[in-house]
Amino acid sequence: MTTAKHLVALGSSFAAGPGIEPVADVQAMRSSNNYAHQLARRLGWQLSDLSVSGATSANVVDTPQQSQIGPGQFPPQLEGLPGNADVVTVTVGGNDLQFSGSMLYTALKHAEPSSPLLEMMGLMFPNGIPPASEDVIAEATRSLVAVIDGIRAQAPTARVVLVDYLTVLEADISTPEATPFTVEELSKLLALQSAIERVFAEAAALRDVDLLLASELGRGHSLGSADPWVQPLHTALDKIGGSFHPNQAGMTAITDDLVGLLAD
C-alpha cells in the first residue's frame, strides 16, 4: 500500500458530489461522501477537498468562482493546494464543455417548463445543446493540461490522478423512453460526453499522469439502467443541483477503483 498521507481533491460537481448526504459544504455543494472523502477515510489519509460544484478548469487554476446557491465566493482551487500533497485527484472539464448545464436545461424544458431556472439558463444556452467541435475539445484539453501543470508547479512530488466523468448516458440504455431527452438531444449529449472522455485521455497522455476511467467503470450503470450510478432529474429547487450527477453508489465504485490504483 502506498505511503501517501495527504490527499487533495480538485474539481467540479462530479468530484464534489451534490445531492449526496451528508453535506460537507453547502455553498460548494460538496458531500462528505464523495469519492475523495470516502478514499481518505478508507486509507486513513489527511484530506483537503477543494472541489466546488460548477467549477471550470479556470476556476481551478486562476479564476475565483461564485457559489451557485449563495453569496459565497471561492478562490482558485490551486491556491489551497499544499506543496507537500502526496496525491491530487482531478475531475474538471465538463463545465468547460457545458455538459451538465445543457443536460439540465434540456431536461427542464420537457419535464418542468414552468421552472424559474429556465429563463436564466436560456441565456446560457441560446442555441440549445452546444456542439462538441474539434476546436472546443482542443481548448478544453489545453485547459486540463494547464491544471496538471499548475499542480506540478505547486506540488512537484505529488502523484496526479485524473478521474474522468462517470457515465451518465448510453446509447443502448438511455433511450428517450427512459430519459427526458429526444433522440436528437440524446445524440448531441452523447457527443459531449464522448468529448469529455477524449479531453481526459489526451491530457493524461500529454502529461503522463494516471487516469482513472470512471466513464468506463460506469458502463451499464447509466441513466435508465436497472442499477444507475447517477441521479435522475430532480425538479425541486433544493435538490436540482444533483440532477444527472453521481449518486452514492457511483462515488463508492470510483473509490473502490482508486484504492486499487493507488495500491498498484
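In this report, the structure presented in the accompanying data block is examined. (Residues numbered from 1 in each chain as written. Predicted model: local features only at pLDDT ≥ 70, side-chain atom pairs only at ≥ 80, totals over all residues. Heavy atoms only, no water.)

1. Re the side chain of Thr 141
(1) Moving on: Turning to its location among the elements, Thr 141 is positioned in helix H6 (residues 134-154).
(2) Moving on: Residues contacting Thr 141, with those up to four places away along its chain left out, are Val 199, Glu 202, Ala 203 and Leu 206. (Helix = DSSP H or I, 4+ residues; strand = E, 2+ residues; numbered from the N terminus. Contact = heavy atoms within 4.5 Å.)

2. Quick notes on the packing of helix H4 (residues 99-111) against helix H7 (residues 183-207)
(1) Moving on: Orientation of H4 relative to H7, taken along the N-to-C sense of each, is 165°, at an axis distance of 10 Å. Comparing their axes, H7 and H4 come out roughly antiparallel. Here the hand of the crossing between H4 and H7 comes out left-handed. When H4 is examined against H7, the residues Phe 99, Ser 102, Met 103, Thr 106 and His 110 are found in contact with a partner set consisting of Glu 185, Leu 189, Leu 192, Gln 193 and Ile 196.
(2) Moving on: When the residues that make up the contact of H4 with H7 are grouped by side-chain class, the tally is 5 nonpolar, 4 polar and 1 charged. (Axes fitted to C-alpha atoms, helices over the stretch in contact; angles between N-to-C directions. Parallel < 35°, antiparallel > 145°, perpendicular 65-115°, else oblique. Left-handed = near helix turned anticlockwise from the far one by under 90°. Nonpolar A, V, L, I, M, F, W, Y, C, P; charged D, E, K, R; others polar.)

3. Remarks on empty space enclosed by the protein
(1) Moving on: Evaluated as defined, the whole model comprises 1 cavity of 30 Å³ or more.
(2) Moving on: Of the voids in this model, the largest cavity is the one considered here, and its volume is about 40 Å³.
(3) Moving on: Counting residues per element, the lining of the largest cavity draws most heavily on H7, at 3 residues.
(4) Moving on: For the lining of the largest cavity, the class distribution of residues is 5 nonpolar, 2 polar and 1 charged. (1 Å grid on protein atoms, 1.4 Å probe; cavity = no way out; pocket = protein on both sides within 12 Å on 5 of 7 lines; lining within 4 Å. Points joined across faces, edges and corners; volume = space filled by probe spheres on them.)

4. Let's talk about the packing of H4 against helix H5 (residues 117-124)
The relative placement of two packed helices is expressed as an angle between their axes plus a distance between the axes.
(1) Moving on: H5 packs onto H4 with a crossing angle of 135° between their chain directions and a minimal axis gap of 10 Å. By the criterion of interaxial angle, the relationship of H4 to H5 is oblique. Crossing of H4 against H5: the hand is left-handed. Of the residues in H5, those in contact with Gly 101, Leu 104, Tyr 105, Leu 108 and Lys 109 of H4 are Leu 117, Leu 118, Met 121 and Gly 122.

5. Here we look at the pattern of salt bridges
(1) Moving on: For the coordinates displayed, the defined rule picks out 10 salt bridges.
(2) Moving on: Across the pair Arg 30 and Asp 49 runs a salt bridge, and its minimum N-O distance is 3.9 Å. One end of the pair, Arg 30, is in strand S3 (residues 30-31); the other, Asp 49, is in strand S4 (residues 46-49), and 19 residues separate them in sequence.
(3) Moving on: On the basis of relative accessible area, Asp 49 is assigned to the buried category, the value being 10%. (Salt bridge = Lys/Arg side-chain N within 4 Å of Asp/Glu carboxyl O. Buried < 20%, exposed > 50% of the residue type's maximum accessible area, 1.4 Å probe, protein only.)

6. What to know about helix H2 (residues 35-43)
(1) Moving on: Taking burial as the measure, the 9 residues of H2 include 7 buried ones, the bulk of the element.
(2) Moving on: Here H2 has its buried residues at Tyr 35, Ala 36, His 37, Gln 38, Leu 39, Ala 40 and Leu 43.
(3) Moving on: Among the residues trailing H2, Gly 44 stands out with phi positive, at a value near 75°.

7. Quick look at H6
(1) Moving on: Over its 21 residues, H6 runs 30 Å from end to end, which matches the ideal 30 Å to within 8%, given 1.5 Å per residue.
(2) Moving on: For H6, every residue scored as buried is listed here: Ile 137, Ala 140, Thr 141, Ser 143, Leu 144, Val 145, Val 147, Ile 148, Gly 150 and Ile 151.
(3) Moving on: Each element contacted by the buried residues of H6 is listed here: strand S1 (6-11), helix H3 (57-61), strand S7 (87-91), strand S8 (159-163) and H7. (Expected span 1.5 Å × (residues − 1).)

8. Details of the side chain of Asn 95
(1) Moving on: As for its position among the elements, Asn 95 is in the loop between S7 and H4.
(2) Moving on: The residues touching Asn 95, leaving out its near neighbours within four places in the chain, are Ser 12, Gly 54, Ala 55, Thr 56, Ser 100 and Tyr 165.

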